[in-house]
Amino acid sequence: MSDMAEPQILIRDLETVADMRDVEQIQKDVWGVPDLEVVPLSQLLAAKASGGVLIGAFDNRTLSGFVYGFVGYERGTTVHHSHMLAVKPEYRAHDLGFRLKTAQRERVLEQGIEIMTWTFDPLQSLNAYFNFNKLGVVADQYFVNFYGEAAASFLHRNGTDRLWVSWHLASERVARKLDKAYSAGSISGLPAIIEVGEGDSPHSNELEVCLSGERAIIEIPADINLLERQNSELAFEWRTATRSAFTEAIAAGYVVDDFYRTGLTDRQIGAYVLLREKSP
């Protein structure tokens, strides 16, 4: 890809064996997973044949990203579970993640399915902003070490806790989010269950006070990956603190509703907004 010209990206369904082999390779390139943990061609083909969706983003003949999901059954409802979304680092300035997700949404709605789910690491602020602020997901499930305490990918060095999010594809809220016409209001003055303290350390506030109103927030560092490289013990403190905050809040009837990127006096942070009622 040339650094001088905007790539002409084609979004299309992946159909051929060659396409599937490219998907195998990009999993290793983007996440560093070993062969044993790659979702293989045989699984991709079987999932597609039974209603799964596999879409790629191509710069000429180069697969620059893909999204993959399959039909699931959750809480008595047929859903689409989006298992993987990957974009090569050199293409991340071109909004390919958003384009792949909206294409996936179109395919799933055509199947008559109106809920899509997936998981992500709640300490990853860029993913949180993308999922909640740009797409409009909500979450009321938190899993501790969903993929085990340790995983082979270089992305999983601080446990594998995950938020399980739901994307209500046909809702007005999601339509407004995709059109950038949705505003959830200010978070100024909301009680913080966890806040970013001095030296980027997690500071916990009294849970009963924070969970006494309709809304609360959970703050996280802007870049947990950088923090982990600089101070792995501090990154683990964030895992422990936010794990407790999310599980306690969800058990108390709160739903993770949105995510803000906001500023302290000297740096950016992220803030999850929690509501007592779900509003898909």
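Procedures and definitions
- Residues numbered from 1 in each chain as written.
- Predicted model: local features only at pLDDT ≥ 70, side-chain atom pairs only at ≥ 80, totals over all residues.
- Heavy atoms only, no water.
- Phe/Tyr/Trp six-rings, centres within 6.5 Å; stacked < 30°, edge-to-face > 60°.
- Helix = DSSP H or I, 4+ residues; strand = E, 2+ residues; numbered from the N terminus.
- Lys NZ or Arg CZ within 6 Å of the ring centre and 35° of its normal.
- 1 Å grid on protein atoms, 1.4 Å probe; cavity = no way out; pocket = protein on both sides within 12 Å on 5 of 7 lines; lining within 4 Å.
- Points joined across faces, edges and corners; volume = space filled by probe spheres on them.
- Nonpolar A, V, L, I, M, F, W, Y, C, P; charged D, E, K, R; others polar.
- Core = buried A, V, L, I, M, F, W, Y, C linked by side-chain atoms within 4.5 Å.
- Buried < 20%, exposed > 50% of the residue type's maximum accessible area, 1.4 Å probe, protein only.
- Contact = heavy atoms within 4.5 Å.
- Salt bridge = Lys/Arg side-chain N within 4 Å of Asp/Glu carboxyl O.
- Axes fitted to C-alpha atoms, helices over the stretch in contact; angles between N-to-C directions.
- Parallel < 35°, antiparallel > 145°, perpendicular 65-115°, else oblique.
- Left-handed = near helix turned anticlockwise from the far one by under 90°.

Trainee: Would you mind going over the packing of aromatic side chains with me for this structure?
Mentor: Working definition: an aromatic ring pair is given by the centre-to-centre distance plus the angle between the planes. Inspection of every chain in the model, using the stated rule, returns 12 aromatic pairs. Aromatic side chains Phe146 and Trp164 sit 5.9 Å apart centroid to centroid with 75 degrees between the ring planes, which places their arrangement in the edge-to-face category. Here Trp164 lies in strand β7 (residues 162-168) and Phe146 lies in the loop between β6 (138-143) and β7, a separation of 18 residues in the sequence. Ring geometry for Phe246 against Tyr272: centres 5.1 Å apart, planes inclined by 85 degrees, an arrangement best described as edge-to-face. With Phe246 in helix α8 (residues 232-251) and Tyr272 in strand β12 (residues 268-275), the pair connects residues that are 26 residues apart, well separated along the chain. The cationic tip of Lys101 hangs over the ring face of Trp118; the distance from NZ or CZ to the ring centre is 3.7 Å. Over the aromatic face of Tyr129 sits the side chain of Arg261, whose NZ or CZ is 3.7 Å from the ring centroid.

Trainee: Can you walk me through the layout of surface pockets in this structure?
Mentor: Unoccupied space between atoms shows up once a probe the size of one water molecule is rolled over them. If you add up the space inside the second largest pocket, you get close to 190 Å³. Forming the boundary of the second largest pocket are 15 residues, of which Asn133, Lys134, Lys177, Lys180 and Tyr182 lie nearest the centre. Among the residues forming the lining of the second largest pocket, the class breakdown is seven nonpolar, three polar and five charged.

Trainee: Sorry, what's going on with the nonpolar core here?
Mentor: General note: in soluble globular proteins, nonpolar side chains tend to be found buried as a group. Counting 55 residues, the largest nonpolar core has Phe132, Leu163, Trp167, Ile193 and Tyr272 as the members making the most contacts within it. The leading source of residues in this core is α8, at eight residues. When sequence neighbours within four positions are dropped, the list of residues in contact with Ile193 reads His203, Ser204, Asn205, Leu207, Cys210, Leu211, Ala216, Ile217, Ile218, Ala245 and Ala249.

Trainee: What is the right way to look at the pattern of salt bridges in this model?
Mentor: Should the charged atoms of two oppositely charged side chains come close, the side chains can pair. Under the counting rule described, the total for this entry stands at 11 salt bridges. When the shortest N-O distance is used, the salt bridge between Arg243 and Asp161 registers 2.6 Å. With Arg243 in helix α8 and Asp161 in the loop between β6 and β7, this residue pair connects regions lying 82 residues apart in the sequence. Linking Asp257 and Arg173 is a salt bridge whose minimum nitrogen-to-oxygen distance equals 3.1 Å. In this pair, Asp257 sits in strand β11 (residues 255-263) while Arg173 sits in helix α5 (residues 172-178), placing the two residues 84 residues apart along the sequence. Like Asp257, the residue Arg173 is buried in the burial classification.

Trainee: What is the right way to look at the packing of helix α1 (residues 17-31) against helix α2 (residues 41-49) in this model?
Mentor: Each pair of packed helices gets described by two things: the angle between the helix axes and the distance between those axes. Closest axis-to-axis distance for the α1/α2 pair is 9 Å, and the angle between their directions is 120 degrees. It follows that α1 is oblique to α2 by the angle criterion. Where α1 crosses over α2, the handedness of that crossing is right-handed. Every residue of α2 that contacts α1 at Val17, Met20, Arg21, Val23 and Glu24 is listed here: Leu41, Leu44, Leu45 and Lys48.

Keep in mind these values describe shape, not function.
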